[in-house]
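Residue-level structural notes
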Amino acid sequence: MESVRREWKYFDITAVVVLALLAVYACLAIHAATAGNHSVNIPSHVMSKQIAYEVLGFVALFAGALMDYRWLRKAHWWLWGISCVLLVAVFGFPATMGAHSWISFHSFSFQPSELAKVAIVVWLAKYMSDVEEAEVPDYRLRKQWIFLPIVLVPFALTFKEPALGQALVMIAIFLTMYSVFARRGPYAVLMFFVLGVIALGVLATTVFTNQTLAFVDVLMKHHILKGYQAYRILTWVDPNFSQDKYGYNIHMAQTAIGSGELFGEGYGKGVLTSGGWVPNQWTDYIFSAIGEEFGFVGSAILVLLFLILCHRLIRIAQTTTDTFGMYIAVGIVGMFAFQVFENIGADMYMSPSTGITLPFISYGGTSLLVNYFAVGIVLSVGLRRRRARLQAQFEASKGRLA
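What counts, and at which threshold
- Residues numbered from 1 in each chain as written.
- Predicted model: local features only at pLDDT ≥ 70, side-chain atom pairs only at ≥ 80, totals over all residues.
- Heavy atoms only, no water.
- UniProt positions renumbered as here; feature names shortened; annotations may be inferred.
- Helix = DSSP H or I, 4+ residues; strand = E, 2+ residues; numbered from the N terminus.
- Buried < 20%, exposed > 50% of the residue type's maximum accessible area, 1.4 Å probe, protein only.
- Contact = heavy atoms within 4.5 Å.
- Areas by Shrake-Rupley, 256 points an atom, 1.4 Å probe, with all protein chains shown as cover.
- Expected span 1.5 Å × (residues − 1).
- Core = buried A, V, L, I, M, F, W, Y, C linked by side-chain atoms within 4.5 Å.
- Patch = residues over 30% accessible without salt bridge, like charges linked within 9 Å, V, L, I, M, F, W, Y side chains within 5 Å.
- Salt bridge = Lys/Arg side-chain N within 4 Å of Asp/Glu carboxyl O.
- Axes fitted to C-alpha atoms, helices over the stretch in contact; angles between N-to-C directions.
- Parallel < 35°, antiparallel > 145°, perpendicular 65-115°, else oblique.
- Left-handed = near helix turned anticlockwise from the far one by under 90°.
- Nonpolar A, V, L, I, M, F, W, Y, C, P; charged D, E, K, R; others polar.
- Polar contact = N/O pair within 3.5 Å; in protein donor to acceptor, adjacent residues only side chain to side chain.
- Phe/Tyr/Trp six-rings, centres within 6.5 Å; stacked < 30°, edge-to-face > 60°.
- 1 Å grid on protein atoms, 1.4 Å probe; cavity = no way out; pocket = protein on both sides within 12 Å on 5 of 7 lines; lining within 4 Å.
- Points joined across faces, edges and corners; volume = space filled by probe spheres on them.

If you look the chain up in an unreviewed UniProt entry, it shows as Rod shape-determining protein RodA from Alicyclobacillus mali. The UniProt entry for the chain carries the following text under Subcellular location (unreviewed entry): "Membrane".

Overview of the overall build of the chain
Each helix and strand in the chain was counted, giving 17 helices and two strands. Looking at the chain as a whole, 49% of its 402 residues are labelled buried. Long-range pairs, those at least 24 residues apart, make up 74% of the contacts in the chain with a sequence separation of at least 6. When the accessible area of the chain is evaluated, it comes to approximately 19300 Å², of which 69% is carbon and sulfur surface.

Regarding helix 7 (residues 147-160)
Between its first and last C-alpha, helix 7 extends 20 Å over 14 residues, near the 20 Å set by a 1.5 Å rise per residue. Every buried residue of helix 7 is listed here: Phe147, Ile150, Val151, Pro154, Leu157 and Thr158.

Quick word on the nonpolar core
Grouped together as the largest cluster of nonpolar side chains are 91 residues, with contacts concentrated most on Leu22, Phe360 and Ile361. In this structure Leu22 touches Leu302, Leu305, Phe306, Leu309, Phe360 and Ile361, once residues within four positions along its chain are discounted. If you look at the next biggest cluster of nonpolar residues, it comprises eight residues, including Ala253, Ala256, Val278 and Tyr285.

So, a nonpolar patch on the surface
Together, Leu262, Phe263, Phe296, Val297 and Ile301 make up a nonpolar patch on the protein surface, roughly 510 Å² of accessible area in all. Summarising the element assignment, Phe296 is placed in helix 14 (residues 286-319).

Considerations on the UniProt feature "transmembrane region" (unreviewed entry) in the chain
Sequence positions flagged by UniProt for "transmembrane region" (unreviewed entry) are, in local numbering, residues 12-31, 51-71, 78-103, 163-181, 188-208, 294-312, 324-341 and 361-383. Secondary structure over residues 163-181 splits into 95% helix and 0% strand, and the C-alpha atoms at its two ends are 28 Å apart. Helix makes up 100% of residues 324-341 and strand makes up 0%, while its end C-alpha atoms are separated by 26 Å.

A short note on the packing of helix 5 (residues 76-89) against helix 6 (residues 112-133)
Taken N-terminus to C-terminus, the directions of helix 5 and helix 6 make an angle of 150°; their axes are 8 Å apart at the nearest point. Classified by the angle between their axes, helix 5 and helix 6 sit roughly antiparallel to one another. The crossing of helix 5 and helix 6 is left-handed. On helix 6, the residues touching His76, Trp77, Leu79, Trp80, Ser83, Leu86 and Leu87 of helix 5 are Pro112, Ser113, Leu115, Ala116, Ala119, Val122, Trp123 and Lys126. Of the residues that constitute the contact of helix 5 with helix 6, the class distribution is eleven nonpolar, three polar and one charged.

Examining helix 2 (residues 13-34)
An α-helix turns once every 3.6 residues. As a result, residues three or four positions apart point the same way. The terminal C-alpha atoms of helix 2 lie 32 Å apart, and with 22 residues this matches the ideal 32 Å at 1.5 Å per residue to within 8%. Its side-chain oxygen at 3.2 Å from the backbone nitrogen of Thr14, Asp12 defines the N-terminal cap of helix 2.

Some details on the packing of aromatic side chains
For any pair of aromatic rings, the description rests on two quantities: the centre-to-centre distance and the angle between the ring planes. This model, assessed by the stated rule, comprises 19 aromatic pairs. On the basis of an interplanar angle of 55° and a centroid distance of 6.0 Å, the ring pair of Tyr53 and Tyr363 is categorised as tilted. Here Tyr53 is found in helix 3 (residues 46-66), whereas its partner Tyr363 is found in the loop between helix 15 (323-347) and helix 16 (366-383), with 310 residues between them in sequence. When its relative accessible area of 24% is taken as the criterion, Tyr53 is described as partly exposed. Consider the rings of Phe181 and Tyr327, whose centres lie 6.4 Å apart with planes at 65°: the pair is edge-to-face. Linking Phe181 in helix 8 (residues 164-181) with Tyr327 in helix 15, this pair joins segments that are 146 residues apart in sequence. For the pair formed by Phe181 and Tyr327, the shared burial category is buried.

Focus: empty space enclosed by the protein
Tallying each qualifying case throughout the model produces two cavities of 30 Å³ or more. Looking at the largest cavity, its volume works out to about 50 Å³. Surrounding the largest cavity, Asp284, Tyr285, Glu342, Asn343, Ala346, Asp347, Ser353, Thr354, Gly355 and Ile356 form its lining. Its residues assigned to classes, the lining of the largest cavity shows three nonpolar, four polar and three charged. Reported here for the second largest cavity is a volume of approximately 30 Å³. Lining the second largest cavity we find Thr357, Leu358, Pro359, Phe360, Ile361, Ser362, Ser367, Leu368 and Asn371. Partitioned by chemical class, the residues of the lining of the second largest cavity number five nonpolar, four polar and no charged.

Some details on the packing of helix 2 against helix 3
Interhelical geometry of helix 2 versus helix 3 gives an angle of 165° and a closest axis separation of 10 Å. Relative to helix 3, the element helix 2 lies roughly antiparallel. Note on packing geometry: the crossing formed by helix 2 with helix 3 is right-handed. The segment helix 2 lies against helix 3, with Val16, Leu19, Ala20, Ala23, Ala26, Cys27, Ile30, His31 and Thr34 engaging Val46, Met47, Gln50, Ile51, Glu54, Phe58, Leu61 and Phe62. Taken together, the residues of the contact of helix 2 with helix 3 break down into 13 nonpolar, three polar and one charged.

Overview of the environment of Leu152
Checked against the element boundaries, Leu152 lands in helix 7. With 18 residues separating them in the primary sequence, Leu152 and Met170 have C-alpha atoms 8.7 Å apart.

Side note on the pattern of salt bridges
Side chains that differ in sign of charge can pair as their charged atoms come close. Considering all chains together, one arrives at seven salt bridges under this definition. Between Glu133 and Arg73 there is a salt bridge, with the nearest N and O atoms lying 2.8 Å from each other. Remark: Arg73 occurs in helix 4 (residues 71-74) and Glu133 occurs in helix 6; sequence separation between them is 60 residues. Classification of Glu133 by relative accessible area gives partly exposed; the value is 43%. Taking the relative accessible area as the measure of exposure, Arg73 reaches 18% and is therefore buried. Salt bridges here are not isolated pairs; linked through shared partners, they connect Arg73, Lys126, Asp130 and Glu133.

Shown next, in the form of C-alpha coordinates:
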(Lines give C-alpha, C1' and ligand atoms only; values in the text may rest on other atoms or scores of the structure.)
Protein backbone atom coordinates (compact mmCIF):
# COMPACT_ATOMS: atom_id res chain seq x y z
CA MET A 1 0.00 0.00 0.00
CA GLU A 2 2.85 2.35 0.78
CA SER A 3 4.30 1.93 -2.73
CA VAL A 4 0.86 2.56 -4.26
CA ARG A 5 0.51 5.80 -2.27
CA ARG A 6 3.97 6.91 -3.40
CA GLU A 7 3.03 6.32 -7.02
CA TRP A 8 -0.21 8.27 -6.74
CA LYS A 9 1.76 11.30 -5.61
CA TYR A 10 2.79 11.54 -9.28
CA PHE A 11 -0.79 11.56 -10.55
CA ASP A 12 -1.34 14.60 -12.76
CA ILE A 13 -4.32 16.37 -11.20
CA THR A 14 -3.91 19.34 -13.57
CA ALA A 15 -4.63 17.16 -16.61
CA VAL A 16 -7.79 15.80 -14.98
CA VAL A 17 -9.01 19.30 -14.09
CA VAL A 18 -8.43 20.40 -17.69
CA LEU A 19 -10.41 17.41 -18.96
CA ALA A 20 -13.25 18.28 -16.59
CA LEU A 21 -13.33 21.84 -17.96
CA LEU A 22 -13.31 20.49 -21.51
CA ALA A 23 -16.27 18.27 -20.57
CA VAL A 24 -18.17 21.36 -19.41
CA TYR A 25 -17.33 23.10 -22.69
CA ALA A 26 -18.55 20.05 -24.61
CA CYS A 27 -21.89 19.83 -22.85
CA LEU A 28 -22.56 23.56 -23.18
CA ALA A 29 -21.62 23.62 -26.87
CA ILE A 30 -23.59 20.50 -27.80
CA HIS A 31 -26.66 21.76 -25.94
CA ALA A 32 -26.38 25.12 -27.69
CA ALA A 33 -26.03 23.46 -31.12
CA THR A 34 -28.93 21.05 -30.69
CA ALA A 35 -31.48 22.73 -28.38
CA GLY A 36 -33.20 24.75 -31.10
CA ASN A 37 -32.19 22.54 -34.02
CA HIS A 38 -34.76 20.10 -35.39
CA SER A 39 -32.49 18.31 -37.86
CA VAL A 40 -33.32 14.62 -38.31
CA ASN A 41 -29.58 13.86 -38.11
CA ILE A 42 -29.37 14.82 -34.43
CA PRO A 43 -29.37 11.66 -32.27
CA SER A 44 -32.31 11.24 -29.94
CA HIS A 45 -31.63 12.21 -26.31
CA VAL A 46 -28.37 13.77 -27.46
CA MET A 47 -27.59 15.58 -24.19
CA SER A 48 -28.35 12.64 -21.90
CA LYS A 49 -26.14 10.45 -24.09
CA GLN A 50 -23.33 13.00 -24.05
CA ILE A 51 -23.42 13.25 -20.26
CA ALA A 52 -23.36 9.45 -20.03
CA TYR A 53 -20.37 9.36 -22.42
CA GLU A 54 -18.57 11.92 -20.26
CA VAL A 55 -19.10 9.83 -17.12
CA LEU A 56 -17.94 6.67 -18.90
CA GLY A 57 -15.04 8.66 -20.31
CA PHE A 58 -13.75 9.51 -16.85
CA VAL A 59 -14.14 5.85 -15.90
CA ALA A 60 -12.00 4.98 -18.94
CA LEU A 61 -9.52 7.69 -17.92
CA PHE A 62 -8.94 6.25 -14.45
CA ALA A 63 -8.99 2.69 -15.80
CA GLY A 64 -6.18 3.63 -18.17
CA ALA A 65 -4.26 5.31 -15.36
CA LEU A 66 -4.63 2.32 -13.03
CA MET A 67 -3.54 -0.12 -15.73
CA ASP A 68 0.17 -0.81 -16.01
CA TYR A 69 0.83 0.55 -19.49
CA ARG A 70 3.84 -1.77 -19.95
CA TRP A 71 1.65 -4.77 -20.72
CA LEU A 72 0.77 -3.00 -23.99
CA ARG A 73 4.37 -3.62 -25.04
CA LYS A 74 3.65 -7.35 -25.15
CA ALA A 75 0.23 -6.93 -26.75
CA HIS A 76 1.24 -4.51 -29.53
CA TRP A 77 0.76 -7.03 -32.36
CA TRP A 78 -2.58 -8.17 -30.97
CA LEU A 79 -3.85 -4.62 -30.64
CA TRP A 80 -2.76 -3.69 -34.17
CA GLY A 81 -4.11 -6.91 -35.68
CA ILE A 82 -7.51 -6.66 -33.99
CA SER A 83 -7.89 -3.04 -35.08
CA CYS A 84 -7.15 -4.00 -38.71
CA VAL A 85 -9.68 -6.85 -38.59
CA LEU A 86 -12.29 -4.43 -37.27
CA LEU A 87 -11.42 -1.94 -40.02
CA VAL A 88 -12.19 -4.67 -42.56
CA ALA A 89 -15.35 -5.71 -40.70
CA VAL A 90 -16.95 -2.25 -41.08
CA PHE A 91 -17.55 -2.93 -44.77
CA GLY A 92 -20.00 -5.65 -43.78
CA PHE A 93 -22.26 -3.08 -42.11
CA PRO A 94 -24.50 -0.51 -43.77
CA ALA A 95 -22.98 2.87 -44.57
CA THR A 96 -23.87 5.79 -42.33
CA MET A 97 -23.88 9.20 -44.03
CA GLY A 98 -22.06 7.64 -46.98
CA ALA A 99 -19.23 6.03 -45.00
CA HIS A 100 -18.60 2.50 -43.74
CA SER A 101 -17.01 3.75 -40.53
CA TRP A 102 -19.10 2.12 -37.81
CA ILE A 103 -19.87 -1.36 -36.57
CA SER A 104 -23.47 -1.13 -35.40
CA PHE A 105 -25.68 -3.40 -33.32
CA HIS A 106 -29.11 -1.87 -32.70
CA SER A 107 -28.44 1.27 -30.61
CA PHE A 108 -24.74 0.46 -30.07
CA SER A 109 -22.11 1.62 -32.57
CA PHE A 110 -18.34 1.45 -32.54
CA GLN A 111 -15.81 3.25 -34.77
CA PRO A 112 -12.73 1.01 -35.26
CA SER A 113 -10.57 3.79 -36.70
CA GLU A 114 -10.43 5.36 -33.23
CA LEU A 115 -8.93 2.17 -31.82
CA ALA A 116 -6.59 1.88 -34.81
CA LYS A 117 -5.00 5.25 -34.00
CA VAL A 118 -4.07 4.09 -30.50
CA ALA A 119 -2.89 0.74 -31.90
CA ILE A 120 -0.50 2.55 -34.25
CA VAL A 121 0.86 4.59 -31.32
CA VAL A 122 1.49 1.44 -29.26
CA TRP A 123 3.12 -0.50 -32.11
CA LEU A 124 5.43 2.36 -33.12
CA ALA A 125 6.33 2.99 -29.45
CA LYS A 126 7.29 -0.69 -29.06
CA TYR A 127 9.50 -0.75 -32.15
CA MET A 128 11.15 2.63 -31.54
CA SER A 129 11.87 1.87 -27.89
CA ASP A 130 13.37 -1.52 -28.83
CA VAL A 131 15.75 0.24 -31.22
CA GLU A 132 16.78 2.88 -28.68
CA GLU A 133 17.29 0.33 -25.90
CA ALA A 134 19.53 -1.92 -27.99
CA GLU A 135 23.24 -2.03 -27.12
CA VAL A 136 24.00 -0.59 -30.55
CA PRO A 137 20.94 1.31 -31.82
CA ASP A 138 20.50 1.03 -35.60
CA TYR A 139 18.68 4.00 -37.13
CA ARG A 140 19.41 3.17 -40.77
CA LEU A 141 16.47 3.68 -43.13
CA ARG A 142 16.69 0.15 -44.51
CA LYS A 143 15.91 -1.14 -41.02
CA GLN A 144 12.73 0.92 -40.88
CA TRP A 145 10.77 -0.51 -43.81
CA ILE A 146 8.35 -2.15 -41.34
CA PHE A 147 6.88 1.31 -40.64
CA LEU A 148 5.24 1.34 -44.09
CA PRO A 149 2.80 -1.58 -43.70
CA ILE A 150 2.14 -0.82 -40.03
CA VAL A 151 0.92 2.70 -40.87
CA LEU A 152 -0.31 2.29 -44.45
CA VAL A 153 -2.55 -0.77 -43.93
CA PRO A 154 -4.89 0.93 -41.40
CA PHE A 155 -4.50 4.19 -43.33
CA ALA A 156 -5.67 2.56 -46.58
CA LEU A 157 -8.58 0.76 -44.91
CA THR A 158 -9.70 3.96 -43.19
CA PHE A 159 -9.33 5.99 -46.39
CA LYS A 160 -11.45 3.39 -48.19
CA GLU A 161 -14.37 3.80 -45.74
CA PRO A 162 -14.03 6.75 -46.67
CA ALA A 163 -12.80 8.65 -43.59
CA LEU A 164 -10.03 10.91 -44.87
CA GLY A 165 -9.74 12.85 -41.63
CA GLN A 166 -9.13 9.78 -39.50
CA ALA A 167 -6.62 8.46 -42.04
CA LEU A 168 -4.67 11.73 -41.94
CA VAL A 169 -4.50 11.53 -38.14
CA MET A 170 -2.65 8.21 -38.52
CA ILE A 171 -0.06 9.89 -40.74
CA ALA A 172 0.25 12.76 -38.25
CA ILE A 173 0.86 10.27 -35.43
CA PHE A 174 3.67 8.62 -37.39
CA LEU A 175 5.31 11.92 -38.35
CA THR A 176 5.20 13.16 -34.75
CA MET A 177 6.75 10.02 -33.30
CA TYR A 178 9.27 9.67 -36.12
CA SER A 179 10.45 13.26 -35.65
CA VAL A 180 11.55 12.22 -32.13
CA PHE A 181 12.95 8.86 -33.23
CA ALA A 182 14.80 9.83 -36.41
CA ARG A 183 18.46 10.73 -36.38
CA ARG A 184 20.50 12.95 -38.73
CA GLY A 185 19.78 11.93 -42.33
CA PRO A 186 16.29 10.46 -41.81
CA TYR A 187 15.30 13.45 -39.69
CA ALA A 188 16.44 15.84 -42.42
CA VAL A 189 14.40 13.91 -44.99
CA LEU A 190 11.33 14.06 -42.74
CA MET A 191 11.66 17.79 -42.10
CA PHE A 192 12.17 18.44 -45.82
CA PHE A 193 8.99 16.48 -46.56
CA VAL A 194 6.91 18.31 -43.93
CA LEU A 195 8.17 21.74 -44.98
CA GLY A 196 7.54 20.80 -48.60
CA VAL A 197 3.92 19.90 -47.86
CA ILE A 198 3.42 23.18 -45.97
CA ALA A 199 4.99 25.16 -48.81
CA LEU A 200 2.77 23.42 -51.37
CA GLY A 201 -0.30 24.22 -49.30
CA VAL A 202 0.64 27.89 -49.06
CA LEU A 203 1.40 28.16 -52.77
CA ALA A 204 -1.77 26.27 -53.72
CA THR A 205 -3.98 28.73 -51.82
CA THR A 206 -2.14 31.95 -52.73
CA VAL A 207 -0.11 31.87 -55.95
CA PHE A 208 -1.34 28.88 -57.98
CA THR A 209 -5.02 28.93 -57.09
CA ASN A 210 -6.33 28.32 -60.62
CA GLN A 211 -3.84 25.51 -61.29
CA THR A 212 -4.80 23.84 -57.99
CA LEU A 213 -8.50 24.01 -58.85
CA ALA A 214 -7.79 22.40 -62.24
CA PHE A 215 -5.62 19.68 -60.66
CA VAL A 216 -8.30 18.79 -58.10
CA ASP A 217 -10.84 18.59 -60.91
CA VAL A 218 -8.61 16.07 -62.73
CA LEU A 219 -8.28 13.96 -59.58
CA MET A 220 -12.04 13.91 -59.19
CA LYS A 221 -12.68 12.96 -62.84
CA HIS A 222 -10.27 10.02 -62.53
CA HIS A 223 -12.01 8.90 -59.29
CA ILE A 224 -8.86 9.39 -57.20
CA LEU A 225 -10.85 11.76 -55.00
CA LYS A 226 -14.53 11.39 -54.26
CA GLY A 227 -16.72 14.31 -55.17
CA TYR A 228 -17.26 15.61 -51.65
CA GLN A 229 -13.52 15.30 -50.87
CA ALA A 230 -12.64 17.33 -53.95
CA TYR A 231 -15.22 19.98 -53.11
CA ARG A 232 -13.82 20.33 -49.60
CA ILE A 233 -10.39 21.05 -51.06
CA LEU A 234 -11.88 23.47 -53.59
CA THR A 235 -13.68 25.43 -50.86
CA TRP A 236 -10.39 25.65 -48.94
CA VAL A 237 -8.45 26.90 -51.97
CA ASP A 238 -11.21 29.31 -52.97
CA PRO A 239 -13.44 30.40 -50.05
CA ASN A 240 -15.95 31.85 -52.51
CA PHE A 241 -16.41 28.53 -54.30
CA SER A 242 -20.04 27.33 -54.24
CA GLN A 243 -20.98 28.99 -50.94
CA ASP A 244 -24.63 28.08 -51.49
CA LYS A 245 -23.91 24.37 -51.95
CA TYR A 246 -20.57 22.58 -51.48
CA GLY A 247 -18.97 25.37 -49.46
CA TYR A 248 -22.08 26.09 -47.43
CA ASN A 249 -21.03 24.26 -44.26
CA ILE A 250 -17.66 25.95 -43.92
CA HIS A 251 -19.02 29.34 -44.97
CA MET A 252 -21.72 29.23 -42.29
CA ALA A 253 -19.25 27.96 -39.67
CA GLN A 254 -16.89 30.86 -40.39
CA THR A 255 -19.79 33.32 -40.34
CA ALA A 256 -20.90 32.01 -36.94
CA ILE A 257 -17.39 32.36 -35.50
CA GLY A 258 -17.05 35.89 -36.89
CA SER A 259 -20.40 36.99 -35.50
CA GLY A 260 -19.23 36.12 -31.99
CA GLU A 261 -16.64 38.92 -32.10
CA LEU A 262 -14.80 39.45 -28.79
CA PHE A 263 -17.16 38.20 -26.06
CA GLY A 264 -19.77 36.31 -28.08
CA GLU A 265 -23.50 36.64 -28.54
CA GLY A 266 -24.17 35.00 -25.17
CA TYR A 267 -25.05 31.45 -24.29
CA GLY A 268 -28.17 30.34 -26.15
CA LYS A 269 -28.33 33.65 -28.04
CA GLY A 270 -26.30 32.80 -31.13
CA VAL A 271 -28.59 33.35 -34.11
CA LEU A 272 -26.88 30.85 -36.42
CA THR A 273 -26.31 28.27 -33.69
CA SER A 274 -29.77 28.38 -32.10
CA GLY A 275 -31.35 28.48 -35.56
CA GLY A 276 -29.52 25.38 -36.74
CA TRP A 277 -27.94 27.16 -39.72
CA VAL A 278 -24.60 25.35 -39.40
CA PRO A 279 -24.96 21.68 -40.49
CA ASN A 280 -23.39 19.01 -38.26
CA GLN A 281 -22.57 21.67 -35.69
CA TRP A 282 -22.70 19.21 -32.81
CA THR A 283 -19.89 17.12 -34.39
CA ASP A 284 -17.47 18.43 -37.04
CA TYR A 285 -18.32 22.13 -36.65
CA ILE A 286 -18.75 22.31 -32.88
CA PHE A 287 -16.11 25.04 -32.61
CA SER A 288 -18.37 27.43 -34.53
CA ALA A 289 -20.98 27.20 -31.73
CA ILE A 290 -18.31 28.10 -29.18
CA GLY A 291 -17.02 30.94 -31.37
CA GLU A 292 -20.47 32.46 -31.86
CA GLU A 293 -21.78 32.18 -28.31
CA PHE A 294 -18.54 32.67 -26.31
CA GLY A 295 -16.60 34.85 -28.76
CA PHE A 296 -12.86 35.18 -29.17
CA VAL A 297 -12.28 35.11 -25.41
CA GLY A 298 -14.20 31.87 -24.88
CA SER A 299 -12.56 30.29 -27.93
CA ALA A 300 -9.11 31.35 -26.76
CA ILE A 301 -9.74 29.80 -23.33
CA LEU A 302 -10.69 26.54 -25.05
CA VAL A 303 -7.48 26.56 -27.09
CA LEU A 304 -5.53 27.37 -23.91
CA LEU A 305 -7.04 24.31 -22.22
CA PHE A 306 -5.85 22.13 -25.10
CA LEU A 307 -2.37 23.66 -24.84
CA ILE A 308 -2.25 22.98 -21.09
CA LEU A 309 -3.35 19.37 -21.64
CA CYS A 310 -0.68 18.82 -24.29
CA HIS A 311 1.93 20.49 -22.06
CA ARG A 312 1.10 18.15 -19.18
CA LEU A 313 1.36 15.09 -21.42
CA ILE A 314 4.65 16.34 -22.90
CA ARG A 315 5.92 16.91 -19.37
CA ILE A 316 5.26 13.25 -18.59
CA ALA A 317 7.16 12.25 -21.74
CA GLN A 318 10.10 14.40 -20.65
CA THR A 319 10.30 13.11 -17.09
CA THR A 320 9.95 9.36 -17.62
CA THR A 321 13.05 7.24 -18.16
CA ASP A 322 11.08 4.52 -19.95
CA THR A 323 11.44 5.01 -23.70
CA PHE A 324 8.30 2.98 -24.44
CA GLY A 325 6.22 5.22 -22.17
CA MET A 326 7.86 8.32 -23.62
CA TYR A 327 6.95 7.36 -27.19
CA ILE A 328 3.36 6.56 -26.18
CA ALA A 329 3.02 10.05 -24.69
CA VAL A 330 4.54 11.65 -27.80
CA GLY A 331 2.17 9.74 -30.10
CA ILE A 332 -0.92 10.66 -28.08
CA VAL A 333 0.09 14.34 -28.06
CA GLY A 334 0.60 14.22 -31.83
CA MET A 335 -2.84 12.67 -32.27
CA PHE A 336 -4.60 15.35 -30.23
CA ALA A 337 -2.58 18.29 -31.58
CA PHE A 338 -3.30 17.44 -35.21
CA GLN A 339 -7.01 16.91 -34.61
CA VAL A 340 -7.38 20.20 -32.74
CA PHE A 341 -5.50 22.15 -35.41
CA GLU A 342 -7.36 20.51 -38.30
CA ASN A 343 -10.83 20.87 -36.78
CA ILE A 344 -10.48 24.49 -35.70
CA GLY A 345 -8.47 25.37 -38.81
CA ALA A 346 -11.17 24.00 -41.11
CA ASP A 347 -13.79 26.26 -39.51
CA MET A 348 -11.63 29.29 -40.34
CA TYR A 349 -10.36 28.28 -43.81
CA MET A 350 -6.89 27.56 -42.43
CA SER A 351 -7.03 23.93 -43.59
CA PRO A 352 -9.34 21.76 -45.72
CA SER A 353 -12.37 20.25 -44.03
CA THR A 354 -11.70 16.54 -43.59
CA GLY A 355 -14.43 15.49 -41.17
CA ILE A 356 -12.25 15.38 -38.06
CA THR A 357 -14.07 15.92 -34.78
CA LEU A 358 -12.74 18.20 -32.04
CA PRO A 359 -11.31 15.96 -29.28
CA PHE A 360 -13.31 15.92 -26.02
CA ILE A 361 -15.74 18.52 -27.42
CA SER A 362 -17.62 17.04 -30.39
CA TYR A 363 -20.53 14.68 -29.78
CA GLY A 364 -19.59 11.02 -30.01
CA GLY A 365 -19.18 7.89 -27.95
CA THR A 366 -16.26 5.95 -29.39
CA SER A 367 -13.99 8.95 -29.92
CA LEU A 368 -14.67 10.31 -26.44
CA LEU A 369 -14.04 7.00 -24.66
CA VAL A 370 -10.87 6.25 -26.66
CA ASN A 371 -9.52 9.76 -26.12
CA TYR A 372 -10.07 9.58 -22.37
CA PHE A 373 -8.49 6.14 -22.23
CA ALA A 374 -5.51 7.40 -24.28
CA VAL A 375 -4.91 10.19 -21.76
CA GLY A 376 -5.27 7.60 -19.00
CA ILE A 377 -2.45 5.54 -20.56
CA VAL A 378 -0.18 8.59 -20.51
CA LEU A 379 -1.14 9.28 -16.90
CA SER A 380 -0.20 5.65 -16.19
CA VAL A 381 3.25 6.42 -17.61
CA GLY A 382 3.50 9.39 -15.25
CA LEU A 383 2.39 7.37 -12.24
CA ARG A 384 5.06 4.74 -12.83
CA ARG A 385 7.93 7.03 -13.81
CA ARG A 386 9.56 6.63 -10.36
CA ARG A 387 9.46 2.86 -10.71
CA ALA A 388 10.88 3.13 -14.23
CA ARG A 389 13.68 5.40 -12.98
CA LEU A 390 14.64 2.96 -10.22
CA GLN A 391 14.58 0.07 -12.66
CA ALA A 392 16.80 1.98 -15.09
CA GLN A 393 19.29 2.71 -12.29
CA PHE A 394 19.26 -0.96 -11.29
CA GLU A 395 19.93 -2.10 -14.86
CA ALA A 396 22.75 0.43 -15.16
CA SER A 397 24.37 -0.78 -11.93
CA LYS A 398 24.14 -4.40 -13.13
CA GLY A 399 25.87 -3.37 -16.34
CA ARG A 400 28.71 -1.72 -14.46
CA LEU A 401 29.20 -4.77 -12.24
CA ALA A 402 29.28 -7.05 -15.27
